[in-house]
Each structure stands twice: as structure tokens, then as C-alpha cells.
Amino acid sequence: MPAPADAAGSPSPPPPTLTDVALRAGVSTATASRVLTGSARVSEETNRRVQEAIAQLGYVRRRAPRAHRSGGGSIAAIVTESSQRFFSDPFFARLLHGASRALAPAGYQLAFVAVQDRSEYVAAARFVQRGVDGVLLVSSHGSDPLMPVLDTARVPTVLCGRPLAEHGAPYVDTDNYGGAQAAVHHLLAAGRQRIGTIAGPRDMAASQDRLRGFTEALAATGLEPVVDLGDFSLESGERAMTRLLRRRPDLDAVFAASDLMAAGALRSLRRAGRRVPDDVAVIGFDDDPVAQYTHPPLSTIRQPVEEQGSTMARHILALIENRTPPGPRTLLPTTLVCRESA
């Protein structure tokens, strides 16, 4: 039988084998197998070399097919952020709560793994290799190194948000572009003319879409955008707002690409003696619980985070059961929530 061909018509390379891993690591196949089974008879150095070879090659240990059954398995939610970011940003808890509620009736448990550095990526690859029924990949930055592992394993995968790199897995996103435009239109309608933004990381599609919506809405009126960058955290929003005020002390409005960054901007404005919204209007993005408890309460763009999580869960269940999800791209609407900050 000929090798399967990719979209361009060229044969796809065969998946790496345990022998390939052993050759890359410079050990015997039996030793590589002992590493996979967690044998205590393997030195720490050998274990390290084999695990690095596994990650480099994208090798996935093949399992015997599951018997046909309804549920009873596990779904891995792999969040490509630090543990500190995972536990401090309410977005992740809301998203996984929505996913967990949708998976529970089908009998699937949701396990999360936070990955940031090389060792954590290797650990996540091992977790997938031990056998999960599906993966929800969350907060992906740039070209995620886990993608080749998931592709090789042929593990059903659903992405949270549009990926920057082209990928065949379905994704569920919110209308980041339209939400940013709605924020700008609201500020313009209120008479604001010197509008800045605190954008998110450049290696995330959500950040790019929100920034593009902001800049294109301003460009349509002939106004020049003023941009600074954060990383979606409160502290980064505070620092970015301070920099914006130094560059443009006459700013009269700011759109922050997350509520945490908007809360940080409020801190900076208060320290600078700027009244909100009298001197500077502020709009965030997310409608996280923090938006109701800032001073003043934040106007924000609400994205349906729990619904995004439950929709991802329904898509992964469809893939596991060999059904076709509603579509490769699902875009959920955003809405403007007006409070006292703008």
C-alpha cells in the first residue's frame, strides 16, 4: 500500500518508532522501553536522553484501541502558561469550568497541565503518551511545540482560539476583532479623540485580533493609535499605562486587551492623579469578576468564556466518538458592558 499523501500530494513520513527514539538517544530499544514503563533500572542521565529524544521526534507510545464504550476516560486541558499565570487569571478557571460541566455527563474527567519551559513540555508529552482520550489546547503561543506530538499521536484535539500557525484541528474562538472595534466606537461616540491601547503578547492570535480591531477602527476616523504592550497580567497593565502617560500625557481614553491589564491601568492613572472617566476613560476585555470590583467598576467587552469551554468540550466529544464537529472554526460573539469607567 502506498504511503498516505499530504495536501500537496507528497507522501507523509511514517511516525517515529521506539527504535528511532533509541537511536537518537544512543541506547538500546530495550532501555528506551524501560524508560517508557518507568523502570527504576534506568539512570537519571539515560532517562533524560530518552525523554529528550521522545520530545524531539514527537514519538507517542501506541496504545491498544479502547473498546467501544460511552465515556469513562480522561481529557487533558494543556495550558501553555506558567502555573502562576494559570492560577492568577480567572479566564482559565472559567474556561475549564465550562468544559468540565459539559464533559461530566459523558463520563469524562478533565485534567489540566500547565506548561511553560522545556521540561514541562516534555512532561506534557509524556502525559499524552500515557494515554488520554483527547486534548484541549489552551493559550497557545506562536508555533506550539506540542502540536507535532499531538499530530503524531493522532489524539483528538480542539484549540482554544485561532492558532497563529495553520493547523487542522478545530478551534473555538470569540470575536476579538469585533469586540475591540466595539470598544473604540463607544469611546469615539463619547467624544474621546486621543485613544491608546494596552495590547497583549504579540505571539498570541487573540492579542493580534484585538489590536487589529483597535487600529482599524481608529484608522477609519483618521486618528493615530498609541500602542503599548502587556502580557495580560495586572502588573503589566500598570507598567504599560505608566509608559503611555509618559509618551502621551494628553491621552483621554485607553482600551486594554484584558480586564486584569485594565485594572492595572486604573492603578497607574490613580497614582498619576488622573480621574476615571473624567480625564481618561478605560475599557477592558473579558468581563471577568474583577471588572465589577475595581474603582470605578470597569466597562469591558464580555466574551462568553464558560460557553467557549463547553463548546470546546462538545467538539472534543464529537471527535472522540468519530463524529464531525459543527465546523473547523467556531466564533462566539462578544458584547459591550457599560459600567462607570467609560
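Residues numbered from 1 in each chain as written. Predicted model: local features only at pLDDT ≥ 70, side-chain atom pairs only at ≥ 80, totals over all residues. Heavy atoms only, no water.

A.B. asks: Outline the sheet that holds strand β8 (residues 253-256), listing residues and values.
C.D. replies: Spatially, 6 strands are ordered β7-β6-β8-β9-β10-β12 in an open sheet, and the strand pairing comes out mixed. At either end of the open sheet lies a strand with only one pairing partner, and these are β7 (226-229) and β12 (335-337). Taken pair by pair, the neighbouring strands of this sheet meet at an average axis angle of 20 degrees, ignoring direction. Sheet topology note: the strand β10 (residues 299-302)/β12 ladder contains 3 bridges and is antiparallel. Paired with I301 across the bridge in β12 is L336. Most of the contacts of helix α9 (residues 205-219) go to strand β6 (residues 195-199), to which it runs at about 170 degrees, and overall it touches β6, β7, β8 and β9 (281-286). Across the sheet, helix α10 (residues 234-247) is in contact with β6, β7 and β8; its angle to β7 comes to roughly 145 degrees. (Pairing = 2+ DSSP bridges. Helix = DSSP H or I, 4+ residues; strand = E, 2+ residues; numbered from the N terminus. Axes fitted to C-alpha atoms, helices over the stretch in contact; angles between N-to-C directions. Contact = heavy atoms within 4.5 Å.)

A.B. asks: Describe in detail the confidence of the model for the protein, supporting the description with residues and values.
C.D. replies: In the predicted model, the protein carries a mean pLDDT of 85, and the fraction of residues at 70 or more is 88%. Throughout residues 1-9 the model reports pLDDT below 50, and contacts reaching past four residues in sequence, or to other chains, amount to 9 contacts. Predicted confidence is poor over residues 63-71, with pLDDT under 50, and the contacts of this stretch with residues over four places away or in other chains come to 10 contacts. (pLDDT = per-residue confidence, 0-100.)

A.B. asks: Explain the layout of surface pockets to me, using residue names and the numbers behind them.
C.D. replies: By volume, the second largest pocket amounts to about 350 Å³. As for the second largest pocket, its lining consists of 17 residues, and the residues nearest its centre are E81, S82, R85, D231 and S233. Those elements that provide at least two residues to the lining of the second largest pocket are α4 (83-88) and α10. In terms of residue count, the dominant contributor to the lining of the second largest pocket is α4 (3 residues). Of the residues contributing to the lining of the second largest pocket, the split by class is 5 nonpolar, 7 polar and 5 charged. (1 Å grid on protein atoms, 1.4 Å probe; cavity = no way out; pocket = protein on both sides within 12 Å on 5 of 7 lines; lining within 4 Å. Points joined across faces, edges and corners; volume = space filled by probe spheres on them. Nonpolar A, V, L, I, M, F, W, Y, C, P; charged D, E, K, R; others polar.)

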